[in-house]
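Examination of the molecular architecture
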Amino acid sequence: MRRLNSETPEPYLATVSRHFLLALLIVFVAMPAIAADPVRLDAKLLGVEVIERVVLPRVDEEVAKRQDFEATEAGQTARYAVPHAVRITPSSHGTWEQRDDGSWVWRLRLISRDAYSLNLGFSRYRMPKGGTLRIYATTGRGQVVGPFTARDNETHGELWTPPLPTDDLIVELTLPANKLRRYDLELSWINHGYAGFGEPQPRSGACNVDVTCPPAADWRNEARAVALVSVAGRHFCTGFLLNNTAEDGRPLFLTAKHCGIDETNAASVVVFWGHQSRVCRRGASSYQAGDLRRFQTGARWLAGHDDTDFALLELDDIPKARHRVYYAGWDRRHRAVAEATVIHHPNTDAKRIAYSSVGAVPTSHLGDDVPGDGSHLRVASWDLGTTEGGSSGAPLFDEHHRVIGQLHGGWAACGADEPDWFGRLSAAWDGPTPDTRLRDWLDPMATGTPVLDGIDSAGE
């Protein structure tokens, strides 16, 4: 087996002397061990304790949390990670080794002390057929993300990973011997998670209600349309799939514009399907009961507008059949509704539900006058559950289980019987251009239909 540190292998390496390789191995073995229980995906590779590592600067989490408080007070979206900008490629960092079958393996260890989670943003990703990229925790517990393959190549050329609950991980690239020059990989962001996604204590308030509790029994289908969303590896929101009049399973995904998604960063979106408790755990943190393994990464920006706070994306891929997603129906008519239900992910926790018997009426954003400018729907209070940071972008359903808006914000909380406002789907239907309205995307058949029911997954 051939090994080289911090260099991309060149063809002439076949002639490197055995003495040089032996000396290199002696240096490696003499280095002190760091991980007591390293994960080894191939027993013939060097132990993770001796491959090259990058240790990130310490993060002052108290400062980060103060910044987050100020940001949320200003109406900005919630954050769960501090970004570190880097420029790392297999040519500049890491350890290369060649297996006996001729394939090449490049690995790099990344450490950010005391992080609840780490996630990565690759600004360049192109994988040849037969190549794989894996990210896994250095010290056991079976925490592995991937493999990412050639099927993850996208026209935007980026790849963003879900948070891995560790502060110490390995990035591993494997290439067939004849594909050594056919990849492109550059790591540009390492994001230190300090809230949610691995945080051990509860995140959402005790009055929240899991979608597996009896009050949500009639909302099982609609709950499958809703996903937890990570943006740029540092922010989190809620979003959901919508049906369109072609009913072709096109993965149209709606969320709130203030979640910070636009044309420049839609590729960084990671959505998590089925992140919910398996049993009713009302009043308890359900992070541990949730499932963050069912995810997909990447999207394309389609449309958005500040007035109604909507952002419409098309996910890079149709969700897999095993994710069992649902494409929610919608109602674009201008009307108040008698009952209102929201399904959401508060503070990255598992999926929750809130219900209001007073329904929703048209107002301006944060306004009480009816109808105001009609851009929003106001829910005066919740009879069951509430919303919180991270619930932004969640769908508001009418009594017929059709989407009528997405959460913009408000003052509701456990113990606070206050209103929430939702960007109104009917107000976002029309606009001056396709990239400022929903009509072109949700009614591509130009049927003029005012109401559409949901459909089940069409994934492969």
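Reference entry: report on the structure contained in this document. Note that the coordinates shown come from a computational prediction; the quantities given were computed from them, not determined experimentally.

So, how was this worked out
- Residues numbered from 1 in each chain as written.
- Predicted model: local features only at pLDDT ≥ 70, side-chain atom pairs only at ≥ 80, totals over all residues.
- Heavy atoms only, no water.
- Helix = DSSP H or I, 4+ residues; strand = E, 2+ residues; numbered from the N terminus.
- Buried < 20%, exposed > 50% of the residue type's maximum accessible area, 1.4 Å probe, protein only.
- Contact = heavy atoms within 4.5 Å.
- Areas by Shrake-Rupley, 256 points an atom, 1.4 Å probe, with all protein chains shown as cover.
- 1 Å grid on protein atoms, 1.4 Å probe; cavity = no way out; pocket = protein on both sides within 12 Å on 5 of 7 lines; lining within 4 Å.
- Points joined across faces, edges and corners; volume = space filled by probe spheres on them.
- Pairing = 2+ DSSP bridges.
- Axes fitted to C-alpha atoms, helices over the stretch in contact; angles between N-to-C directions.
- Disulfide = S-S within 2.5 Å.
- Salt bridge = Lys/Arg side-chain N within 4 Å of Asp/Glu carboxyl O.
- Core = buried A, V, L, I, M, F, W, Y, C linked by side-chain atoms within 4.5 Å.
- Phe/Tyr/Trp six-rings, centres within 6.5 Å; stacked < 30°, edge-to-face > 60°.
- Expected span 1.5 Å × (residues − 1).
- Arc of directions from axis to C-beta.
- Polar contact = N/O pair within 3.5 Å; in protein donor to acceptor, adjacent residues only side chain to side chain.

Considerations on the overall build of the protein
Along its length, the protein carries five helices and 30 strands. Taking all 460 residues of the protein together, the buried fraction comes to 58%. In the protein, the proportion of contacts linking residues at least 24 apart, taken out of those at least 6 apart, comes to 73%. As displayed, the protein has an accessible area near 18,700 Å², and 50% of this comes from carbon and sulfur atoms.

Quick word on the layout of surface pockets
For the second largest pocket, the calculated volume is near 790 Å³. Lining the second largest pocket are 32 residues; nearest its centre among them are Thr 72, Glu 73, Gln 76, Glu 388 and Gly 389. Elements represented by at least two residues in the lining of the second largest pocket include exactly α2 (61-73) and β27 (403-410).

A closer look at the sheet that holds strand β19 (residues 310-315)
Where strands meet in a sheet, backbone hydrogen bonds hold them as pairs that are either parallel or antiparallel. What the seven strands build is an open sheet, ordered β17-β16-β13-β14-β15-β19-β18; its pairing is antiparallel. The outermost strands of the open sheet, each flanked by one partner alone, are β17 (295-297) and β18 (299-305). Strand-to-strand twist of the sheet, defined as the mean angle between neighbouring strand axes without regard to direction, takes the value 30 degrees.

Considerations on the state of the cysteines
Considering all chains together, one arrives at three disulfides under this definition. For Cys 213, the disulfide goes to Cys 280, at an S-S distance of 2.0 Å. Handedness of the Cys 213-Cys 280 disulfide follows from its S-S torsion of about 85 degrees: it is right-handed. Separated by 67 residues along the polypeptide, Cys 213 in the loop between β12 (209-210) and α3 (220-223) and Cys 280 in the loop between β16 (270-272) and β17 bring together distant segments of the chain.

Observations regarding the sheet that holds strand β6 (residues 117-126)
On the basis of which strands lie adjacent, the open sheet formed by four strands has the order β3-β11-β6-β9 and antiparallel pairing. Lying at the two open borders of the sheet, with one neighbouring strand each, are β3 (81-88) and β9 (159-160). As paired elements, β6 and β9 share two bridges and run antiparallel to each other. Bridge pairing in β9 links Phe 122 to Leu 159.

Observations regarding the pattern of salt bridges
Applying the stated rule across the entire model yields 20 salt bridges. Note that Arg 107 and Glu 97 form a salt bridge whose closest N and O atoms lie 2.6 Å from each other. Of this pair, Arg 107 sits in strand β5 (residues 104-111) while Glu 97 sits in strand β4 (residues 95-98), placing them ten residues apart in sequence. For Glu 97, a relative accessible area of 0% translates into the label buried. Put simply, Arg 333 and Asp 331 hold a salt bridge, and the shortest N to O gap is 2.7 Å. The exposure class assigned to Arg 333 is partly exposed, which follows from its relative accessible area of 38%. Note on Asp 331: relative accessible area 2%, which makes it buried. If you follow the salt bridges from partner to partner, you end up with Arg 87, Arg 124, Asp 184 and Glu 186 in one network.

With respect to the environment of Gly 372
Within the fold, Gly 372 resides in the loop between β24 (361-363) and β25 (376-379). Taking C-alpha positions, Gly 372 is 7.1 Å from Pro 362, a pair spaced ten residues apart along the chain. Contact partners of Gly 372, with chain neighbours within four places excluded, come to Thr 363 and Ser 364.

Focus: the nonpolar core
Nonpolar side chains in soluble globular proteins tend to be buried together. Of all hydrophobic cores here, the largest spans 42 residues; its most connected members are Leu 110, Leu 120, Leu 133, Ile 135, Val 171 and Leu 173. Setting aside its immediate chain neighbours within four residues, Val 171 contacts Trp 106, Arg 107, Leu 108, Leu 110, Leu 120, Phe 122, Leu 133, Arg 134 and Ile 135. One finds Cys 213, Ala 216, Leu 312 and Ile 353 within the second-largest nonpolar core, a separate group that totals 31 residues.

Notes on the packing of aromatic side chains
Under the defined criterion, the tally for this structure stands at twelve aromatic pairs. On the basis of an interplanar angle of 80 degrees and a centroid distance of 6.2 Å, the ring pair of Trp 96 and Trp 104 is categorised as edge-to-face. Looking at Trp 96, the relative accessible area reads 0%, which means it is buried.

Some words on α2
Because each turn of an α-helix spans 3.6 residues, side chains separated by three or four positions in sequence point in the same direction. Along its 13 residues, α2 runs 18 Å from first to last C-alpha, staying within 8% of the 18 Å computed at 1.5 Å per residue. Turning to α2, its buried residues number three or more, namely Glu 61, Ala 64, Asp 68 and Ala 71. Summarising the axial view, the buried residues of α2 lie within an arc of 75 degrees, below the 170-degree limit, and thus occupy one face. Away from its buried face, by an angle of more than 90 degrees, α2 presents the exposed residues Glu 62, Arg 66, Phe 69, Glu 70 and Glu 73. Considering only its buried residues, α2 is in contact with β3 and β11 (184-193). Between the side-chain oxygen of the N-cap and the backbone nitrogen of Glu 62 there are 3.2 Å, and the N-cap of α2 in question is Asp 60. Where α2 terminates, the next one or two residues include Gly 75, which has phi positive at roughly 85 degrees.

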